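Residues per chain are reported as follows:
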Amino acid sequence: MQQSTVFDCTLVTLPKNHQLNGNLTSVNNGLEVPFDIQRVYYLYDVPGGFSRGGHGHKDLQQLIVALSGSFDLTVDDGKVKRTFHLSRPNIGVYMPAGLWRELDNFSSGSICFVLASHKYDESDYFRDYEKFTEWKSLK
């Protein structure tokens, strides 16, 4: 997975069941996402001008969705950066392992919803960008 590049990140359109009384979107392991979901978390009430993320993962895969509002997801493979603007609750970005990520430009009331392939494991994180790029150059 360490060989991942920003071009391995893909937009995923989640199924939308449209009804007159509202929409429903469901996500199933292995169908809409190419991994079994082991953890779900979400970010909200991010103050204006603040960023989140600022780390990389060795093995964790993620699907990141803006459930409400909008924000920018910038992915980085140590050589190239790519930014996705997320603003629809049925469109997410699949992010394979081996990438660095930053989240910023949160709109008021935004909710960043993340489906993850593994439970939280601090040893999977890169919190120092230089160590991340050194690791990527060894692969």
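Please refer to the structure higher up on the page.
Residues numbered from 1 in each chain as written. Predicted model: local features only at pLDDT ≥ 70, side-chain atom pairs only at ≥ 80, totals over all residues. Heavy atoms only, no water.

Draft legend 1. Spotlight on the nonpolar core. Counting 19 residues, the largest nonpolar core has I64, F71, L73 and C112 as its most contacted members. Here this core takes 3 residues from strand β7 (residues 71–76), the largest share from any one element. Once you skip the residues sitting within four places of it in the chain, F71 turns out to touch I64, V65, A66, F84, H85, L86, L103, D104, N105, F106, I111 and C112. (Core = buried A, V, L, I, M, F, W, Y, C linked by side-chain atoms within 4.5 Å. Buried < 20%, exposed > 50% of the residue type's maximum accessible area, 1.4 Å probe, protein only. Helix = DSSP H or I, 4+ residues; strand = E, 2+ residues; numbered from the N terminus. Contact = heavy atoms within 4.5 Å.)

Draft legend 2. Just the side chain of D72, in detail. Position of D72 among the secondary structure elements: in strand β7. Of note is the side chain of D72, whose polar atom sits 2.7 Å from the side chain of H85. What D72 contacts, discounting residues up to four positions off in sequence, is T83, F84, H85, E102, L103, D104 and N105. (Polar contact = N/O pair within 3.5 Å; in protein donor to acceptor, adjacent residues only side chain to side chain.)

Draft legend 3. Summary view of the packing of aromatic side chains. Evaluated as defined, the whole model comprises 10 aromatic pairs. Arranged with centres 5.2 Å apart and planes meeting at 85 degrees, the rings of W100 and Y129 form a pair that is edge-to-face. Pair noted here: W100 is in strand β10 (residues 100–104) and Y129 is in helix α1 (residues 129–138), with a separation of 29 residues, a long-range link. On the accessibility criterion, W100 (5% relative accessible area) is buried. Centre to centre, the rings of F132 and W135 are 6.4 Å apart; their planes meet at 40 degrees, and the pair counts as tilted. Taken together, the positions of F132 and W135, both in helix α1 and 3 residues apart, correspond to about one turn of that helix. Taken together, the ring pairs connect W100, F126, Y129, F132 and W135 into an aromatic cluster. Positioned over the ring face of F126 is K58, at 5.4 Å from the centre of the ring. (Phe/Tyr/Trp six-rings, centres within 6.5 Å; stacked < 30°, edge-to-face > 60°. Lys NZ or Arg CZ within 6 Å of the ring centre and 35° of its normal.)

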